Amino acid sequence: MRQVTQQELAHDPLWVARKLLGCEIRSTSPEGEVGVRLVEVEAYRGGDDPASHCYRGRTERNAVMFGPAGHLYVYFVYGMHFCINVVCMTDGVPGAVLLRAGEITTGLELARSRRPAVRKDVQLASGPARLASVLGITREHNGVDLTDPASPIRLYHGVPVPEEEIRSGPRVGVAAAMDLPWRSWVDGSPAVSPYRRGGRRRPRTRV
DNA sequence: CATCGGATCTTCT
DNA sequence: GAAGATCCGATGG
């Protein structure tokens, strides 16, 4: 299995997103190894994408996205979950692809133990936070180089997904730029996460 | 099966 | 001070 190179990722996220479908992300830890075949991703651009964490410029949190391609951008959401992105574009230009869902290829037992609440194996990585936790990823993995053979988290080529098997549509749960079809997935994969429209939640009733 | 609210805390305004 | 690239269990049809 050939590891993905930085050069192959140093392009527009929209293009990279499609190339990532069918690829495999692997994590190695003292607990063991887990591999996931990617079946659902979303592109996030830099300055011109209102849904991107980089839309309003560089901050401490999004700094990794401004760095070289091939590194992992990990962020914390809703006070309890981690989500992971593959950084794209050239050094200095922000852009990334959110990894939303995949199928477990290696380390099924370990994956199950990291997601005890999930009943069916096919759903173990059907969602960005599920995918991250199945791989054992937390904030300490922010910035790791996925193209380095020595990294704990690495990205490999798999069987390429034919163009006609790739579908696309709006991104899940984003309130900004809801009309852009920047989510891509492998048609027919049972691991693809359900679509959920973005937008504000009801105003919370205050005490 | 669809919908809803709660959990929980970091980040930027 | 509020919203957020989510998940899960409960509830109702």
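First things first, this report covers the structure right here in the doc. (Residues numbered from 1 in each chain as written. Chains lettered and ligands numbered in written order. Predicted model: local features only at pLDDT ≥ 70, side-chain atom pairs only at ≥ 80, totals over all residues. Heavy atoms only, no water.)

**Some words on the layout of surface pockets**
Here's step 1: Of the pockets and cavities examined, the largest pocket occupies roughly 1100 Å³.
Here's step 2: Residue lining of the largest pocket: 34 residues in total, with Tyr78, Val172, Gly173, Val174 and Arg196 positioned closest to the centre.
Here's step 3: If you list the elements that add at least two residues to the lining of the largest pocket, you get strand S3 (72-77), strand S4 (81-87), strand S5 (95-106) and helix H4 (128-134).
Here's step 4: Classifying every residue of the lining of the largest pocket by side-chain character gives 17 nonpolar, 10 polar and seven charged.
Here's step 5: Put simply, the parts of the chain that give the lining of the second largest pocket at least two residues each are helix H1 (6-9) and helix H2 (13-20).
Here's step 6: Ranked by residue count, the leading element in the lining of the second largest pocket is H2, at five residues. (1 Å grid on protein atoms, 1.4 Å probe; cavity = no way out; pocket = protein on both sides within 12 Å on 5 of 7 lines; lining within 4 Å. Points joined across faces, edges and corners; volume = space filled by probe spheres on them. Helix = DSSP H or I, 4+ residues; strand = E, 2+ residues; numbered from the N terminus. Nonpolar A, V, L, I, M, F, W, Y, C, P; charged D, E, K, R; others polar.)

**Side note on the environment of Phe82**
Here's step 1: Tracing the backbone shows Phe82 in strand S4.
Here's step 2: Given a relative accessible area of 16%, Phe82 falls into the buried group.
Here's step 3: Here the alpha-carbon distance between Phe82 and Asp179, two residues 97 residues apart in the chain, equals 25 Å.
Here's step 4: Ignoring sequence-local partners within four residues, the contact set of Phe82 consists of Val74, Tyr75, Phe76, Pro128, Ala129, Ala132, Ile137, Thr138 and Arg139. (Buried < 20%, exposed > 50% of the residue type's maximum accessible area, 1.4 Å probe, protein only. Contact = heavy atoms within 4.5 Å.)

**Description of the protein's contact with DNA strand C**
Here's step 1: Looking at DNA strand C, there are 21 residues lining it, with His53, Tyr75, Asn85, Arg115 and Arg130 nearest.
Here's step 2: Take the atoms of DNA strand C that sit within 4 Å of the protein: sugar and phosphate atoms are 48% of them.
Here's step 3: Between DNA strand C and the protein, one listed contact pairs a phosphate oxygen with a side-chain N or O atom of Arg115 at 2.7 Å.
Here's step 4: Interatomic distance of 3.4 Å between a backbone N/O atom of Pro128 and a phosphate oxygen of DNA strand C.
Here's step 5: Looking at the surface near DNA strand C, the elements with two or more residues in it are S4, S5 and H4. (Near = heavy atom within 4 Å. Polar contact = N/O pair within 3.5 Å; in protein donor to acceptor, adjacent residues only side chain to side chain.)

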